[in-house]
Amino acid sequence: MTVFHAAAGETPPADAVSPRDSTAEAPTSIARLNATIRDFVAQWGTVWVEGEITSWNLRAGNVFARLKDTRSDAQISIRIWSSVRARIPADLAVGDHVVAAVKADYFVKAGDFSFAVSAMKHVGLGDQLERLERLRAQLRQEGLFDPARKKPLPFLPHLIGLITGENSDAEKDVHRNAELRWPQVQFRTVHAAVQGDRCVPETLAALKRLDADPDVDVIIIARGGGDPQTLLGFSDERLVRAVAAATTPVVSAIGHENDHPLLDDVADLRASTPTDAAKRVVPDVGEQRALVAQLRARATTRVSQRVAHDIAQLEQLRSRPVLRDPDPLIERRAQEVWLLSARSRDTLGRTIDTASRRTAELRASLRALSPAATLARGYAIAHRDDGRIVRDAADAPAGTGLTVTVDRGSLRAVSEGEIEESAEAASASAGGADARR
């Protein structure tokens with residue numbers, strides 16, 4: 001640093017005045033002040049600190065992050081140069097509980113104060129992150145993250161329920177992007193605290209109100225980015241289970257792309273930002289009009305092609321000889337029908353003749369076996385009054401009434417008992433019986 005010495009009685013240049021010697025009449029320069037601060041903090045050397053990573057941003061190979069005290073809200077800014085990143089764990093992330101070797105680093109030009117990290121290692125997951133990971137594992141085991149249980153979003157919601165902070169950038173982003181995509185879209189917005197102790201109860205009340213509204217087709221829960229601690233309300237178990245039980249599809253639009261509260265896992269759709277939520281919930285009217293025009297053009301082309309094809313088919317059919325002069329075909333078919341009819345009549349006549357002859361033969365056989373034929377030859381059948389046929393003379397003792405049936409009619413008779421036969425007749429009768437045996 002160039003130092004100018006003032007002549008006697010003159011005000012010394014600002015660079016020549018030490019900060020501890022500065023006065024209103026002889027102020028020091030900002031460069032001299034920053035250089036003094038730099039030289040002072042450079043004497044501190046390396047210090048080991050314990051804390052929780054609350055932000056982690058990678059830029060051009062270097063990391064710009066913040067560490068928070070584990071017992072208070074005190075925080076420091078840290079810088080990890082690319083040469084140091086190769087020596088520390090590669091899985092460091094927001095929420096990790098770490099110890100780090102830091103050295104105070106004051107940038108004279110910008111007046112920024114931060115700490116350069118020369119070493120860092122895990123102490124274990126931060127208490128909050130550890131609890132969240134246990135809850136995440138429990139909810140996953142219960143199936144609350146299963147894609148099969150997630151409800152599909154309507155193609156064009158008539159009314160969108162929005163839960164967000166009052167006058168927040170998230171609310172403006174959702175409204176602006178949704179209305180740009182579909183000007184007629186309507187919202188029913190319920191404001192709620194999006195961080196702090198009021199976040200969970202107010203969000204639960206807003207969710208219950210919108211879920212009970214039959215006009216609401218989809219619900220968006222939106223909040224802008226922030227420190228992971230400010231997003232803890234959206235990993236609360238009560239809110240997560242309420243979203244899982246909602247009958248209306250729920251879209252989670254919390255923070256930025258790298259923010260990942262439990263609400264993202266259980267919601268029916270996870271949007272990376274509030275703007276992304278508006279784009280994914282509402283279709284683009286320009287795209288839909290172009291799609292309709294494209295479909296109309298395709299339908300017109302297909303119908304025209306089909307009509308032209310059918311006309312060509314009809315012309316081809318009309319040009320065929322059978323359609324140009326169908327009479328020969330009809331006459332040929334008529335001749336075939338006549339021949340088939342004649343053949344059918346002939347076959348049917350022969351079948352009837354054969355059946356008639358067979359019927360006559362059966363009639364003759366039946367007539368020969370009929371009892372009437374026997375009666376016609378002079379035989380008679382004697383019945384007792386009780387209907388029994390007399391087969392033995394002993395069955396009709398003297399005085400028994402009989403009905404005698406002959407070939408033509410029947411007559412009444414009274415038995416006078418069995419007639420005794422002569423010896424020759426009895427012998428002949430016995431011989432006949434033996435022959436029958």
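Note that the structure is a prediction, hence the values are computed from the model and not measured.

Criteria and cut-off values
Residues numbered from 1 in each chain as written. Predicted model: local features only at pLDDT ≥ 70, side-chain atom pairs only at ≥ 80, totals over all residues. Heavy atoms only, no water. Core = buried A, V, L, I, M, F, W, Y, C linked by side-chain atoms within 4.5 Å. Buried < 20%, exposed > 50% of the residue type's maximum accessible area, 1.4 Å probe, protein only. Helix = DSSP H or I, 4+ residues; strand = E, 2+ residues; numbered from the N terminus. Contact = heavy atoms within 4.5 Å. Pairing = 2+ DSSP bridges. Phe/Tyr/Trp six-rings, centres within 6.5 Å; stacked < 30°, edge-to-face > 60°. UniProt positions renumbered as here; feature names shortened; annotations may be inferred. Arc of directions from axis to C-beta. Polar contact = N/O pair within 3.5 Å; in protein donor to acceptor, adjacent residues only side chain to side chain. Axes fitted to C-alpha atoms, helices over the stretch in contact; angles between N-to-C directions. Parallel < 35°, antiparallel > 145°, perpendicular 65-115°, else oblique. Left-handed = near helix turned anticlockwise from the far one by under 90°. Nonpolar A, V, L, I, M, F, W, Y, C, P; charged D, E, K, R; others polar.

## Description of the nonpolar core
Of all hydrophobic cores here, the largest spans 28 residues; its most connected members are Ile163, Ile221, Val243 and Val266. For this core, the secondary-structure elements that each account for two or more residues are helix H3 (127-142), helix H5 (199-211), strand E8 (218-223), helix H6 (237-245), strand E9 (250-254) and helix H7 (262-266). Not counting chain neighbours up to four residues away, the residues in contact with Ile221 comprise Ile163, Thr203, Phe234, Val243, Val250, Val251, Ser252, Ala253, Ile254 and Leu263. Grouped together as the second largest cluster of nonpolar side chains are 20 residues, Ile160, Phe187, Leu269 and Val285 included.

## What about the side chain of Thr248?
Assignment of secondary structure puts Thr248 in the loop between H6 and E9. What makes Thr248 buried here is its relative accessible area of 7%. Dropping the residues within four chain positions of it, Thr248 is found in contact with Lys151, Asp211, Val216, Asp217, Val218, Ile219 and Asp268.

## A look at the pairing of strand E4 (residues 96-107)
Burial analysis of E4 places nine of its 12 residues in the buried class, the great majority of the element. Taken together, the seven bridges between strand E1 (residues 46-59) and E4 define a ladder with antiparallel strand orientation. By the bridge assignment, Thr46 is partnered in E4 with Lys103.

## Some points on the packing of aromatic side chains
Two descriptors summarise a pair of aromatic rings, namely the distance from one centre to the other and the angle between the planes of the rings. If you walk through the whole model with that rule in mind, you get three aromatic pairs. Relative to Trp81, the ring of Phe64 lies with its centre 6.4 Å away and its plane at 90°, an arrangement referred to as edge-to-face. Taken together, the positions of Phe64 in strand E2 (residues 62-68) and Trp81 in the loop between strand E3 (75-80) and helix H2 (82-85) put the pair 17 residues apart, joining distant regions of the chain. A relative accessible area of 33% means that Trp81 is categorised as partly exposed.

## Some remarks on the UniProt feature "domain: OB-fold nucleic acid binding" (unreviewed entry) in the protein
When the UniProt feature table is mapped onto this chain numbering, "domain: OB-fold nucleic acid binding" (unreviewed entry) sits at residues 29-120. Taken end to end, residues 29-120 is 17% helix and 52% strand, and its first and last C-alpha atoms sit 37 Å apart.

## Some details on H6
For H6, the set of buried residues is Leu239, Val240, Val243 and Ala244. Each buried residue of H6 lies within a common arc of 135° when the element is viewed along its axis, so the set occupies one face. What points out from H6, more than 90 degrees from its buried face, is the exposed set Arg238 and Ala245. Sitting at the head of H6, Asp236 places a side-chain oxygen 2.9 Å from the backbone nitrogen of Arg238.

## What about the packing of helix H4 (residues 169-181) against helix H8 (residues 274-281)?
H8 packs onto H4 with a crossing angle of 30° between their chain directions and a minimal axis gap of 8 Å. Taken together, the axis directions place H4 and H8 in an arrangement best described as roughly parallel. Crossing geometry of H4 relative to H8 is assigned as right-handed. Taking contact as the criterion, the partners of Ala170, Asp173, Val174, Asn177, Ala178 and Arg181 in H4 are, on H8, Pro274, Thr275, Ala278 and Lys279. Of the residues that constitute the contact of H4 with H8, the class distribution is five nonpolar, two polar and three charged.

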